[in-house]
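Residue strings, one per chain:
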Amino acid sequence: MITRCYLEITNICNLDCIFCPKTDRAKRKLTMEEFDTLTDSMRGKIRFLYFHLMGEPFLHPLLPQFITVAREKGFIPVLTTNGTLLSRSHHVIDALPHKIQISLHSHEGNGKENPEQYMAEVMDFTLRAAERGVVVVLRLWNQGGYDSKNDLLHDLIAKYYPRPWDERHYGWRVAKNVYLEYARMFEWPDGEREENKSEEAFCYALRNQIGVLVDGTVVPCCLDHAGEIVLGNLFEQPLDEILSSQRARAIYDGFTRHVAVEPLCRRCGYASVIRKLLVRGK
């Protein structure tokens, strides 16, 4: 069983984040029939279903229904959001997703003013969700980038969940079901990035994750936002057939040998980082 699938229920977003590579793919949203087809094809083969690759899932009017259907089919549903639509989306909590990840760095990454209003809406949603047993991860994935307001955001969180917080490896456990998480600013493996042809690489793509774009295209991981590595299409082929294809096996076997066989993978900094962590035994 693959641990997680990043299922893109829409590739439409309401923001224009500086750090986001965007997508030139045709804008669309999954219909309920399409969602049903895709989840049926992955049923029993995927554990966590992340409703995100590109796009803002809270823009989708069927989000609560998608969460419910996913849970009924045995998936563990997880949402990732920029947090700007939460004030009108409290009904999503009733569908009881397992986890909601809120990218707080998107606010500054859009040059937005009034972080107090933004955080008031985020924290009101967080309080309600955590009380219902939903895990909420407040993300600041902006280290080395758009992080000048991080101290202010800490103080605004502390108004709702007073310090001290329980320090963890990647941040803090702020309260029961609420976490604050740090990471370096994303570096997408796009065409401008130089290929790494010297270092050994490793990735969990096709081992514990895959991505499915809104048109059904299967890609190896959540960083292939443009659909550069097309392995197949779930509207046309079963998942097992796609994962056993020649291209998919070449990627899997390549990483087994610590070699990135695809140009996109050779432009990805994460493959080198993961390899170094494995060497250090982390």
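Use the structure listed above.
Cut-offs used in this document
- Residues numbered from 1 in each chain as written.
- Predicted model: local features only at pLDDT ≥ 70, side-chain atom pairs only at ≥ 80, totals over all residues.
- Heavy atoms only, no water.
- Phe/Tyr/Trp six-rings, centres within 6.5 Å; stacked < 30°, edge-to-face > 60°.
- Lys NZ or Arg CZ within 6 Å of the ring centre and 35° of its normal.
- Buried < 20%, exposed > 50% of the residue type's maximum accessible area, 1.4 Å probe, protein only.
- Helix = DSSP H or I, 4+ residues; strand = E, 2+ residues; numbered from the N terminus.
- Arc of directions from axis to C-beta.
- Axes fitted to C-alpha atoms, helices over the stretch in contact; angles between N-to-C directions.
- Parallel < 35°, antiparallel > 145°, perpendicular 65-115°, else oblique.
- Left-handed = near helix turned anticlockwise from the far one by under 90°.
- Contact = heavy atoms within 4.5 Å.
- Nonpolar A, V, L, I, M, F, W, Y, C, P; charged D, E, K, R; others polar.
- 1 Å grid on protein atoms, 1.4 Å probe; cavity = no way out; pocket = protein on both sides within 12 Å on 5 of 7 lines; lining within 4 Å.
- Points joined across faces, edges and corners; volume = space filled by probe spheres on them.
- Pairing = 2+ DSSP bridges.

Draft legend 1. Representation of the packing of aromatic side chains in the model. Summed over the entire model, instances satisfying the criterion amount to eight aromatic pairs. Site record: aromatic cluster; members linked through ring pairs are Phe35, Phe51 and Phe66. Sitting over the face of the ring of tryptophan 165, arginine 163 holds its NZ or CZ atom 4.9 Å from the ring centroid. A cation sits over an aromatic face here: arginine 249 above tyrosine 252, 4.7 Å from the ring centre.

Draft legend 2. Structural view of helix α8 (residues 246-256). All buried positions along α8 are accounted for by Ala248, Ile251, Gly254 and Phe255. Within α8, the buried residues cover an arc of 135° as seen down the axis, which keeps them to one side. Directly beyond the C-terminal end of α8, a positive phi value near 65° is found at histidine 258.

Draft legend 3. Highlighting the packing of helix α5 (residues 115-131) against helix α6 (residues 150-160). Between α5 and α6, the least distance of the axes is 10 Å, while the angle of their chain directions is 40°. Classed by the angle they form, the pair α5 and α6 counts as oblique. Crossing angle aside, the handedness with which α5 passes α6 is right-handed. Across the interface between the two elements, Pro115, Glu116, Met119, Ala120, Met123 and Leu127 from α5 touch Leu152, Leu153, Leu156, Ile157 and Tyr160 from α6. Within the contact of α5 with α6, the residues separate by chemical class into ten nonpolar, no polar and one charged.

Draft legend 4. Quick look at empty space enclosed by the protein. Taken as a whole, this structure holds two cavities of 30 Å³ or more when the rule is applied. The space that makes up the largest cavity amounts to roughly 100 Å³. Each residue belonging to the lining of the largest cavity can be placed in one class, and the counts come to twelve nonpolar, no polar and one charged. Around the second largest cavity, the lining residues are Leu104, His105, His107, Glu108, Pro115, Asn142, Lys149 and Leu153. Take the lining of the second largest cavity: its biggest share by element is three residues, from helix α4 (residues 105-108).

Draft legend 5. How the structure looks around helix α1 (residues 32-42). Among all positions of α1, only Glu34, Phe35, Leu38, Thr39, Ser41 and Met42 are buried. Buried positions in α1, seen along its axis, are confined to an arc of 160° and lie on one side of it. In this fold, the buried residues of α1 make contact with β1 (2-7), β2 (46-50), α2 (63-72), β9 (209-212) and α7 (239-243). In the segment just after α1, glycine 44 is the residue with positive phi, at about 80°.

Draft legend 6. View of the environment of glycine 211. By secondary structure assignment, the location of glycine 211 is in strand β9. Along the backbone, glycine 211 and glycine 254 are 43 residues apart, and their C-alpha atoms lie at a distance of 19 Å. In this view, glycine 211 contacts Tyr6, Leu53, Thr217, Val218, Val219, Pro220 and Cys221; residues no more than four positions away in its chain are not counted.

Draft legend 7. Structural detail: the pairing of strand β5 (residues 135-143). Of all the nine residues making up β5, seven are buried; the element is thus mostly covered by neighbouring parts of the structure. Summarising the sheet, strand β4 (residues 99-103) and β5 pair through five bridges and their orientation is parallel. Pairing of lysine 99 across the sheet is with valine 135, part of β5. Inspection of the sheet shows β5 paired to strand β8 (residues 178-184) by six bridges, in the parallel sense. In the sheet register, valine 136 faces β8, and the bridge partner there is valine 178.

Read these as spatial facts, not as claims about activity.
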